[in-house]
Amino acid sequence: MSNKSILQRWETWSLVGLYFLFGFLYWLALYITSYGNANPNIWLDYLMKAAWTLPFWAIVFRAVSHWATWKRLLLHLPFAPIFAFLWQQSYYAVLERMGIGHLSGNGAFWDIYIPLLFYFIQFGLFHLYEYYHQLQEEQKRAAQLRESALSSELTALKAQLNPHFLYN
């Protein structure tokens, strides 16, 4: 198994773990504050957020990965409200189909605000991971270049010494 596929699996499981962690912490906070009556719809909420994250992640980190980082970061300005809107509309549609109520009126503001925060946190973490990974690759490449330069220097020194011994 190649290092690339191991890394891709690790990235995938990290994404799943991130959603599980956020979902669990949110459920736990509601469980504690509502004296054990936490809403089980939280898991549906985070499942749908994960599903809506995938196309945006694919665009930013795969489709336009050749763009400069600042351009990809600017993509998040229009993507974040689109993400929040799509998530809210699909989540509300599923809840209504299941016969479950959802926030309405001024309360619906929170179902836009929290996904926006969540979007920026998760994509901030994705960009942070990408930066860390690129930094590791650059350090590895720099070490290889130093090793190659040292090897070339040794070869040049050996070439200078060999004729000296041949003619003496």
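Above: the structure in question.
Analysis parameters
Residues numbered from 1 in each chain as written. Predicted model: local features only at pLDDT ≥ 70, side-chain atom pairs only at ≥ 80, totals over all residues. Heavy atoms only, no water. Helix = DSSP H or I, 4+ residues; strand = E, 2+ residues; numbered from the N terminus. 1 Å grid on protein atoms, 1.4 Å probe; cavity = no way out; pocket = protein on both sides within 12 Å on 5 of 7 lines; lining within 4 Å. Points joined across faces, edges and corners; volume = space filled by probe spheres on them. Core = buried A, V, L, I, M, F, W, Y, C linked by side-chain atoms within 4.5 Å. Buried < 20%, exposed > 50% of the residue type's maximum accessible area, 1.4 Å probe, protein only. Contact = heavy atoms within 4.5 Å. Phe/Tyr/Trp six-rings, centres within 6.5 Å; stacked < 30°, edge-to-face > 60°. Lys NZ or Arg CZ within 6 Å of the ring centre and 35° of its normal. Axes fitted to C-alpha atoms, helices over the stretch in contact; angles between N-to-C directions. Left-handed = near helix turned anticlockwise from the far one by under 90°. Expected span 1.5 Å × (residues − 1). Bend = angle between axes of the 7 residues up to and from the residue.

Caption draft 1: Looking closely at the environment of Phe24. If you trace the backbone, Phe24 turns up in helix H1 (residues 3-33). Along the sequence, Phe24 and Ile42 sit 18 residues apart, while their C-alpha atoms lie 8.5 Å from each other.

Caption draft 2: Local environment of the layout of surface pockets. Roughly 290 Å³ of internal volume is contained in the second largest pocket. Secondary structure elements with two or more residues in the lining of the second largest pocket: H1, helix H2 (41-63), helix H3 (69-97) and helix H4 (110-167).

Caption draft 3: Main features of the nonpolar core. Residues Tyr19, Phe79, Tyr119, Phe123 and Phe126 are the most contacted members of the largest nonpolar core, which totals 18 residues. Listing elements by their share of this core, those giving two or more residues are H1, H2, H3 and H4. Per-element tally for this core: the top contributor is H2, with six residues. Beyond its immediate chain neighbours, meaning those up to four positions away, Tyr119 contacts His76, Phe79, Ala80 and Phe83. Counting residues in hydrophobic clusters, the runner-up holds six residues, among them Trp87, Tyr91, Tyr92 and Ala108.

Caption draft 4: Representation of the packing of aromatic side chains. Taken as a whole, this structure holds 17 aromatic pairs when the rule is applied. Ring geometry for Tyr46 against Phe118: centres 5.4 Å apart, planes inclined by 75°, an arrangement best described as edge-to-face. With a gap of 72 residues between them, Tyr46 in helix H2 and Phe118 in helix H4 connect regions that are remote in the sequence. Phe118 carries the same exposure label as Tyr46, and that label is buried. Centre to centre, the rings of Phe109 and Trp110 are 5.5 Å apart; their planes meet at 75°, and the pair counts as edge-to-face. Ring pairing ties together the aromatic residues Phe56, Trp57, Phe61, Phe79, Phe83, Tyr119, Phe120, Phe123 and Phe126, which thus form one cluster. Of note, Lys49 hangs over the ring of Trp87, and the distance from its end group to the ring centre comes to 4.9 Å. Seen from the ring of Phe118, Lys49 lies directly overhead, with NZ or CZ sitting 5.3 Å from the centre.

Caption draft 5: Focus on the packing of H2 against H3. Look at H2 against H3: their axes get within 10 Å of each other, and the N-to-C directions meet at 145°. When you trace H2 past H3, the crossing you get is right-handed. Residues Asn41, Leu44, Asp45, Met48, Lys49, Trp52, Thr53, Phe56, Ile59, Val60 and Phe61 of H2 form the contact with H3, whose participating residues are Arg72, Leu75, His76, Phe79, Ile82, Phe83, Leu86, Trp87, Ser90, Tyr91, Val94 and Leu95.

Caption draft 6: Expanded view of H2. Here H2 is 23 residues long and its end C-alpha atoms lie 32 Å apart, about the 33 Å a rise of 1.5 Å per residue gives. The largest bend along H2 reaches roughly 30° and is located at Trp57. All of the buried residues along H2 are Asn41, Ile42, Asp45, Tyr46, Met48, Lys49, Ala50, Thr53, Phe56, Val60 and Phe61.

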